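# Per-entry structural report
Residue-level listing of the chains:
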Amino acid sequence: ITCLAVSCPTTNIDFNVGDTTICLNAGAQPFQIEAIITGGLNTGTGTTTWSGKGIDPVTGIFDPVAAGISTGNGHRITASFNELNCDESANLFIKVINQPTSTFTGIDAICITDEYNVIFTGTGGLPLDWQEPAGVTITPNGVGRYKVDFPNAGAYTFGLQVGVNGCLSNLT
């Protein structure tokens, strides 16, 4: 029996991306995660494998649609590196969140002297960005309720977008 004892030097694994948040919207596309290996035995024979929800175990391509909505810190993605029986692994976390909605309801026609309110029915807890035409003002008027003031009689179109950190709703 021949036995070879190998001392495993320190191997470091870094990633080309850090912990991140992905908005699950129409633009959510798969992307490559690369493991940057330094140290180790430097034989050139090491292999990297991937594990975690939404990650291809061979290529390291992460697909947010396949991963789905995450909870807590996000999906744990692990890169494992093996070189002559020396093993090292490292993790990163990817949060996948639903695209928020910016829906609201209100009646279609009023008299200019009537108070007009809309009710926000979209994703709560996010900043609201009302898109109102010149002269129209929209102000809070209770929980989820907004008062809309019009300068004159006529037809007006206004919209709303909600979201944070690059995860924005469609304009409604």
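Our structure is the block above this text.
Residues numbered from 1 in each chain as written. Predicted model: local features only at pLDDT ≥ 70, side-chain atom pairs only at ≥ 80, totals over all residues. Heavy atoms only, no water.

### Points about the nonpolar core
In terms of nonpolar packing, the biggest core is built from 15 residues, with Phe-15, Ile-33, Trp-50, Phe-62, Ile-77 and Ile-94 touching the most fellow members. Every element with two or more residues in this core is listed here: strand 1 (11–15), strand 7 (75–83) and strand 8 (86–98). Examining the composition of this core, we find that four residues originate from one element, strand 8, more than from any other. Excluding residues that lie within four positions of it along the chain, Ile-94 makes contacts with Thr-20, Ile-22, Phe-31, Ile-33, Phe-62, Ser-70, Gly-74, His-75 and Ile-77. (Core = buried A, V, L, I, M, F, W, Y, C linked by side-chain atoms within 4.5 Å. Buried < 20%, exposed > 50% of the residue type's maximum accessible area, 1.4 Å probe, protein only. Helix = DSSP H or I, 4+ residues; strand = E, 2+ residues; numbered from the N terminus. Contact = heavy atoms within 4.5 Å.)

### Side note on the state of the cysteines
Going through the model one piece at a time under the given rule, you end up with two disulfides. Residue pairing for Cys-8: its cysteine sulfur links by disulfide to Cys-86, the two sulfurs lying 2.0 Å apart. Because the sign of the S-S torsion sets the handedness, a value of about -85° for the bond joining Cys-8 and Cys-86 places this disulfide among the left-handed ones. In this pair, Cys-8 is assigned in the segment before strand 1 and Cys-86 in strand 8, connecting sequence segments 78 residues apart. Disulfide pairing is shown between Cys-23 and Cys-167; the S-S distance is 2.1 Å. The sign of the S-S torsion, about 60°, decides the handedness of the disulfide formed by Cys-23 and Cys-167: right-handed. (Disulfide = S-S within 2.5 Å.)

### Considerations on the side chain of Glu-83
Structurally, the position occupied by Glu-83 is in strand 7. Residues within four places of Glu-83 in sequence aside, it is in contact with Gly-40, Leu-41, Asn-42, Thr-43, Gly-44, Thr-45 and Gly-46.

### A closer look at the sheet that holds strand 12 (residues 137–140)
Sheets are built from strands paired through backbone hydrogen bonds, the pairs being either parallel or antiparallel. With antiparallel pairing, four strands are arranged side by side in an open sheet as 9-10-13-12. Each edge of the sheet is formed by a strand with only one pairing partner; in this case those strands are strand 9 (104–105) and strand 12. Pairing of strand 12 with strand 13 (residues 145–149) involves four bridges; the strand directions are antiparallel. From the neighbouring strand, Thr-137 faces strand 13, where its bridge partner is Asp-149. (Pairing = 2+ DSSP bridges.)

### Topic: the sheet that holds strand 2 (residues 20–24)
The strand order 2-8-7-5 describes an open sheet built from four strands, whose pairing is mixed. Two strands lie at the open edges of the sheet, namely strand 2 and strand 5 (47–51), each paired on one side alone. Neighbour-to-neighbour, the strand axes of the sheet open up by a mean angle of 25°, direction not taken into account. Summarising the sheet, strand 5 and strand 7 pair through five bridges and their orientation is antiparallel. Note that in strand 7 the partner of Ser-51 across the bridge is Thr-78. (Axes fitted to C-alpha atoms, helices over the stretch in contact; angles between N-to-C directions.)

Coordinates in, geometry out; function isn't part of it.
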